[in-house]
Amino acid sequence: MTPLNVAIVGATGLVGSRFRSILEERGFPVGSLSLLASERSVGRVVEFSGRVCRVGNAAEFDFSGTHLALFSAGSEVAREHGPRAAEVGAVVIDNSSCFRYASDVPLIVPEVNGDQVGKGKRRGIIANPNCSTIQLVVVLKPLRDAVGIRRVSVCTYQAVSGAGVRAVKELDDQIEAIRQNRPAKSNALPARIAFNAVPHIDGFEDNRYTREEMKLVWETRKILEDEAIDVNPTCVRVPVYVGHSEAVHVETVDPVTPDHAKELLQAAPGVSVMDRCEAGGYPTPAVDVEGTDSVFVGRIRQDLRSRRGLNLWVVADNERKGAALNAIQIAERLLPLLGM
């Protein structure tokens, strides 16, 4: 393949570092690689595929000649520099929420609506969904295609890495403080996370739901192109380093048995079924999922009172499939459209 000139904006963050490692793992055809971050990170040296790369300033970078720009630096940076990159011919894949709800920007999970990459190529910007939405819709897609979905209730148990490097360090610091009988300070997260569960991710909306919860509603409907699907969310931060877990209840249009659902999920792209009724027969974030690329499903069982109700346990690595990997899978779909 003809190599692409690639820029990573937010290259020194958790997801930025995953961009680099996954590009290398998957043999993505990278020609020149520009690593970009805020001014405080300028000059840092990073290795990629045996070459040494120096981090530059995103605010000063000229995107001319860049084919692909992977953004993971927050909404403000994306709003300022994403259109600037697209205007000079780069295709931007943005990991923030900045462009997700724009009608002319596709919100893509390749296993679900990868056919929309052409629209993104024309617009010059593609939005990467929220981490918890990605793993949810990968599992909903085969069920919806086969038996239809009326309503989804989902409770998420989200790792601290989803809140960035500062939150990971805060968990470490709090654990150490508690062990030493010192006060555990909270700055990166709204409440103490060590040995705790916090039902508060992002700000509160006027309807008393958090924005993280509403992202699940808005994004699921947009990706599945179905405004009629009811989504009832609760999002919780838990003291896990990597891996988001979700307890999902699906109300289907047609009846479905757990065995049929299991067959559908086993055949679905990007899904790994781990569903045995025994100790260790279900996926957990730290033991089974961290560092993997699939969305794992277990605890598949029928609603106790309805043949149209299905309960599932869904787990994925939020830094990989929930962020960097999904973006790079989008980029791989773009390769033929870029003439590579």
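The sections below set out a description of the structure shown in this document. Fair warning: this is a prediction, and the values are worked out from it, not measured in the lab.

Among the nonpolar cores identified, the biggest contains 56 residues, and Phe63, Val248 and Leu312 are the most heavily contacted of them. In contact with Leu312, not counting residues within four places along its chain, are Val139, Leu143, Glu246, Ala247, Val248, Val250, Leu265, Val297, Gly298, Arg299, Ile300 and Arg301. By size, the runner-up hydrophobic cluster in this structure holds 34 residues, among which are Phe19, Phe48, Cys53 and Leu334.

Moving on, we get to helix α7 (residues 211-224). Taking 1.5 Å of rise per residue, the 14 residues of α7 would be expected to cover 20 Å, and the 20 Å separating its terminal C-alpha atoms lies within 8% of that figure. A large share of α7 lies buried, amounting to ten of its 14 residues. Those residues of α7 that are buried lie in contact with α3 (110-113), α5 (131-147), β9 (149-158) and β10 (230-237). Positive phi shows up at Glu225, right after α7, with a value of about 55°.

So, about the pattern of salt bridges. By the definition in use, this model includes 15 salt bridges. Two residues, Lys215 and Glu212, come together in a salt bridge whose shortest N-O distance is 3.6 Å. With Lys215 and Glu212 both in helix α7, this residue pair falls three residues apart, about one helical turn. Note on Glu212: relative accessible area 5%, which makes it buried. For Asp275, the salt bridge is made with Lys262, and the minimal N-O distance between the two is 3.8 Å. Note that Asp275 is positioned in the loop between β12 (271-273) and α9 (285-289) and Lys262 in helix α8 (residues 258-266), a separation of 13 residues in sequence. A relative accessible area of 18% places Asp275 in the buried class. When salt bridges that share partners are traced, they join Glu25, Asp293 and Arg320 into one network.

Each value, and the rule that gives it
The numbers attached to residues start from 1 for each chain and follow its sequence in the written order. Confidence filtering applies because this is a predicted model: local features only for residues at pLDDT of at least 70, side-chain atom pairs given and counted only at 80 or more, and all residues used for totals across whole chains, interfaces and linings. Here the side-chain values reflect all heavy atoms present in the structure, with hydrogen atoms and water set aside. We define the nonpolar core as a collection of buried residues of types Ala, Val, Leu, Ile, Met, Phe, Trp, Tyr and Cys that are connected through side-chain atoms lying within 4.5 Å of one another. Note on classification: 1.4 Å probe, protein chains only; a residue is buried when its accessible area is under 20% of the maximum for its type, exposed when over 50%, partly exposed between these limits. In what follows, residue pairs with any heavy atoms lying within 4.5 Å of each other are defined as contacts. For helices the rule is a DSSP run of H or I covering at least 4 residues; for strands it is a run of E covering at least 2, with both sets numbered from the N terminus onward. Working rule for helices: expected span equals 1.5 Å times residues minus one. For salt bridges, the criterion is a side-chain nitrogen of Lys or Arg within 4 Å of an Asp or Glu carboxyl oxygen.

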